[in-house]
Amino acid sequence: MLSPNDKKLEKLDLLYRPSMAKPKTSAEIISEARNALRTVRTQRPFTPQEDQRKLFEPASSRTLENRPPSSFSLHASSFESSDPRPIYGTHLSPLELKPKAPASFTTKEDPCLPFPRPPVDPVKIRRVSSARVRFFRAASQGPLLPDRTLPPTERKKTVESKERGLMGNSLVKISGTYLIESNPTGHLKSHPLQLTYDGGFNEIKEQEMFKDATALPSHLRSRGSGKRRPRASSCPNSPDLSRLETKAVSNANLQEKDTETDIDDIFWNTRIVPILNELEKEENVEMVCAACTQLHHALKEGNMLGNKFKRRNILLKTLYKLVDVGSDPLSLKLAKIILALKVSRKNLLNVCKLIFKISRSEKNDSLIQNDSILESLLEVLRSEDLHTNTEAFLYCMGAIKFLSGNPGFLNEMISKDTVEILMNLIKQINENSRKCGTYFPNSGHLLVQMTATLRNLVDSPLARRKLLSISALPQLCTVMGQYMDDKDVCTNIARIFSKLTSYHVCCVALANYSRCYALFLNLINKYQKTQDLVVRIVFILGNLTAKNNQAREQFSKEKGSIPTLLALFHTFYELDLRSEKPVGEGGEPPKAQLPQAQVEDVLIKLTRVLANLAIHPGVGQAMATSPHVVGPLLATLEYKSIDDCEELVINTTATINNLSYYQVKNSIIQDKKLYIAELLLKLLMSNNMDGILEAVRVFGNLSQDRDICDFIVQKNVHKFMIALLDAKHQDICFSACGVLLNLTVDKDKRVILKEGGGIKKLMNCLRDFGPTDWQLACLVCKTLWNLSENITHASSCFGDEDTNTLLVLLSSFLDEDLALDGSFDQDLKNYHKLHWETEFKPVAQQLLNRLQCPHPSVEALPAPAPPPTTVMQLNTGNRKSVAVTPNNSFTILKWGWMSEYKGIRKGEVREMNRGKKSNSIYLQS
């Protein structure tokens, strides 16, 4: 429930509505510091970087016997010598030969076309076809292929001599092979095709020796650069051919295949074999690496990569032998070629293991990046079958996980769609579990690697946007639910959510997935004593409930939500008490207990969730009346000092402050208000300014009760509040002024403020902070209004000097042109104008009228009820705010909110000329 003023602020977009990277405005900072109900912020749980790269962290829940090894030996013998190639396509049913009756001839049709004849005996067809194939094969081999490799000059002479000997033929060069075809006359003649080789495979040349020479048929033309094009299905038909000849020619694609095979043979013998020979003979590792690079380029040029090349197994055997060399640079180059040849099953697993083994050393990251191994690994995840190759995917993902921890790979991974690839695999696992009710083998191990990689990637804004665009958060929640027994998977996803929910857009996206609340509660119940998991779950809940009232309501409606949090609080409260006892007094041995800092971290995050939930009116009132909620909070304040754990004590005090806002029947806070006031005295006496501020805020709520006002006077707390008015800290002055305002409601206590110099200090606050903090100025005016009740003359209450000063201040502050004349950005101007018009002006005008013409019948102003809204972080060590004094001394506590102050360092004093006034700008932290 928001006050009318805060609703107006929301309409003006002055409250928290940031984008993922939008900083808070100055108005938001001041507004949050004034809220009676405040959210509490804390740091994200720290995840230490692993000392060694392994599949699983040292704290993994998996035993050594139940997880794949990170260390293993790998040799050439580990690979299978013959890698199976998949069978593509389907069997075709035989064609049915059904003769058709000829159509009636016309004058345009050839009257000599023969009628269909019965099918020829298949045996005869095979004989003719085989003879035809042997005919073309003989033409493409034989003495035209040199037995030895000629020098380029001799080779050129040989080609030229053959070209001069051709009469009436056309010559075409196909990937370095010359095909010579006789001049066709409508049908194939008995002249064989002749092939010569000139050693090149990168150009296509066609020459016509005579003008009457025609081009080769399309199925014999060059394809260039080793790339194959669609083949012609048949040779041109001719009425001169006999039916037997026509049947044989229809199988010309066999001849084309043989021709291409021969071209591949030539490429293999001339380009690949010499490199393989060099790999077998060369002993220098650097030369072998260079040869591997040359081999990869040659295979790519000859279109021999993939799993359809017939000599693939011969090539793989040679590569497998080189694994035993044991060189990391060489092994990476071998792995890249082996993966490009599309190995499968055991060989795919072994090559992924090989890369994983190399990637375990950070010094090899540069080698992996230079050889583009990441692209090869992602191609495995993208194209191979997950169900068949789960173990290979495991080691492939392990290597990718190691690389994702290196910031140098972050942008490359995201640009290569790593986020999409991983989420697609996670979706496959979820769908398989949903449809079949079973899990892939090793799927849990694989999910540990994938979620750990995503945890590293979400540091990038682009990765976060991609996750939101593909609705990844519900998928991750589904994995969490299906693998709830796998603590490692759940911890990694909790780490992902911890990072994501630190950003407003991601936090809203997760909060809108209503099933997440029940999921998180189930995890807390299951892993109640597992600190590294529950501390992150509670941190996520704190983020979800920090700025979203709907999230607070949804979470509180989940069955057992508050009791689950309280049970967790009790568990770690007991652990904290036990850790403070010496071993001889009932404490546990050091090895059996968690470090105290980890125990306290859970309690810090828990109190933050409770403080955020208490902002919701319905939830807050129920919590204020529950002894199970208030009891642990008071116990924490009793046994913990701010010197022991500052953040826990301050968070607990902030939670009590939110609960003390609700003046409801059966409130435990109201029943124990005097006990709470006693506990708060410890904070007031501390040297911690943040702790003092929180204690004063609680007194601001409690001092609406007469008993607490008597306690304040009895313990001289009011003197402490008056002294805080000199703190020159806006938030402290605001809270202290609120307590003093509540004291002035009681007529008997007004004289105490006058005797203690309170009036003078209140005027100083009005003068110093009025132009930039109209809420504080309003509070000062209300206090002075109560003090001046039933006066006959202003001087009798304030004295002549202070009365004149007050008249001047009120007159100038009520002049809109003077009051709002500041060099602020438009956002801050709107903020100041709103509070000047709605809060300060009405009260200040009444006070001014009373000072000018006192009226004894005016009633005292009641103590204000603080508006129920949210505030910023409790741990204000790094919090920044803005303060401007009437003498034009600006105290900037949030850096960079005004452009003219950019570049000014802390502690620097600089004169700045604004209009008619010269102002001294003083910056401090």
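To be clear, the structure that these remarks concern was listed above.
Being a predicted model, the structure only gives us computed values, none of them experimental.

Undergrad: Teacher, can you tell me more about the packing of helix H10 (residues 345–359) against helix H13 (residues 390–404) here?
TA: Relative placement of two packed helices is described by the angle separating their axes and the distance separating the axes. For the pair H10 and H13, the least separation of the axes is 8 Å and the interaxial angle reads 20°. When the axis of H10 is compared with that of H13, the two are roughly parallel. H10 and H13 meet at a crossing whose hand is left-handed. Contacts between H10 and H13 involve Leu 348, Leu 349, Cys 352, Lys 353, Ile 355, Phe 356 and Ser 359 on the former and, on the latter, Glu 391, Ala 392, Tyr 395, Cys 396, Gly 398, Ala 399 and Phe 402.

Undergrad: Just to check I follow, could you spell out the environment of Leu 422 for this structure?
TA: Mapping Leu 422 onto the fold places it in helix H15 (residues 418–436). Along the primary structure Leu 422 and Met 397 are separated by 25 residues, whereas in three dimensions their C-alpha atoms are 9.3 Å apart. Leave out the neighbours within four places in its chain, and Leu 422 touches Leu 381, Met 397, Met 450, Thr 453 and Leu 454.

Undergrad: Would you explain the packing of aromatic side chains in this entry?
TA: Tallying each qualifying case throughout the model produces 11 aromatic pairs. With a centroid separation of 4.8 Å and 45° between ring planes, the pair formed by Trp 774 and Phe 840 is classed as tilted. Here Trp 774 is found in helix H37 (residues 774–787), whereas its partner Phe 840 is found in helix H41 (residues 826–852), with 66 residues between them in sequence. Both residues of the pair, Trp 774 and Phe 840, count as buried. Taken together, Phe 356, Tyr 395 and Phe 402 form an aromatic cluster joined through their ring pairs. One residue, Arg 850, lies across the ring of Trp 785, its end atom 3.5 Å from the ring centre.

Undergrad: Would you mind showing me how to read the side chain of Asp 773 here?
TA: On the secondary structure map, Asp 773 appears in the loop between helix H36 (758–769) and H37. Under the relative-accessibility criterion, Asp 773 is labelled buried at 2%. Side-chain polar atoms of Asp 773 contact the backbone nitrogen of Leu 776, separated by 3.1 Å.

Undergrad: Before we go on, may I ask you to explain H37 in this structure?
TA: An α-helix turns once per 3.6 residues; consequently, residues spaced three or four apart project the same way. Over its 14 residues, H37 runs 20 Å from end to end, which matches the ideal 20 Å to within 8%, given 1.5 Å per residue. Of all the 14 residues making up H37, 13 are buried; the element is thus mostly covered by neighbouring parts of the structure.

Undergrad: Please clarify how the pattern of salt bridges should be interpreted in this entry.
TA: Side chains that differ in sign of charge can pair as their charged atoms come close. A full pass over the atoms with the stated rule returns 31 salt bridges. Between Lys 310 and Asp 265 there is a salt bridge, with the nearest N and O atoms lying 3.5 Å from each other. Of this pair, Lys 310 sits in the loop between helix H7 (285–301) and helix H8 (312–321) while Asp 265 sits in helix H6 (residues 252–281), and the two are 45 residues apart along the sequence. Its salt-bridge partner being Lys 342, residue Glu 379 comes within 3.6 Å of it at the nearest N-O pair. Remark: Lys 342 occurs in the loop between helix H9 (328–340) and H10 and Glu 379 occurs in helix H12 (residues 373–383); sequence separation between them is 37 residues. Of the residues examined, Lys 342 reaches a relative accessible area of 28% and is grouped as partly exposed.

What counts and what doesn't
For every chain, the first residue of the written sequence is number 1, and numbering continues from 1 along that sequence. The predicted nature of this model means local features are confined to residues of pLDDT at least 70 and side-chain atom pairs, given and counted, to a pLDDT of 80 or more, with totals for whole chains, interfaces and linings taken over all residues. Excluding hydrogens and water, the side-chain values take into account all heavy atoms of the structure. A fitted line through C-alpha atoms serves as each axis, taken over the contacting stretch for helices, and the angle formed by two N-to-C directions is quoted from 0 to 180°. Here a helix means four or more residues in a row that DSSP labels H or I, a strand means two or more in a row labelled E, and each is numbered from the N terminus. Here roughly perpendicular refers to angles of 65 to 115 degrees, roughly parallel to angles under 35, roughly antiparallel to angles over 145, and oblique to all remaining angles. The hand of a helix crossing depends on one turn: near helix anticlockwise from the far one by less than a right angle means left-handed, and clockwise means right-handed. Working rule for contacts: check all heavy atoms of both residues, and any pair within 4.5 Å makes them a contact. Pairs were defined over the aromatic rings of Phe, Tyr and Trp, the Trp ring being its six-membered one, requiring ring centres within 6.5 Å. Orientation was assigned from the angle between planes: stacked under 30 degrees, edge-to-face over 60, tilted for the rest. Exposure categories follow from relative accessible area, calculated using a 1.4 Å probe and restricted to protein chains: below 20% of the type maximum is buried, above 50% is exposed, and the middle band is partly exposed. Charge-over-ring placement is defined geometrically: NZ (Lys) or CZ (Arg) within 6 Å of the ring centre, and within 35 degrees of the ring normal. Contacts described as polar in this section are N or O atom pairs within 3.5 Å, which, within protein, must combine one atom able to donate a hydrogen with one able to accept it, while residues neighboring in sequence count only if both atoms come from side chains. Expected helix span is taken as 1.5 Å per residue step, with the number of steps being one fewer than the number of residues. Salt bridges are defined by distance alone: a side-chain nitrogen of Lys or Arg within 4 Å of a carboxyl oxygen of Asp or Glu.

All we've got here are geometric facts, nothing functional implied.
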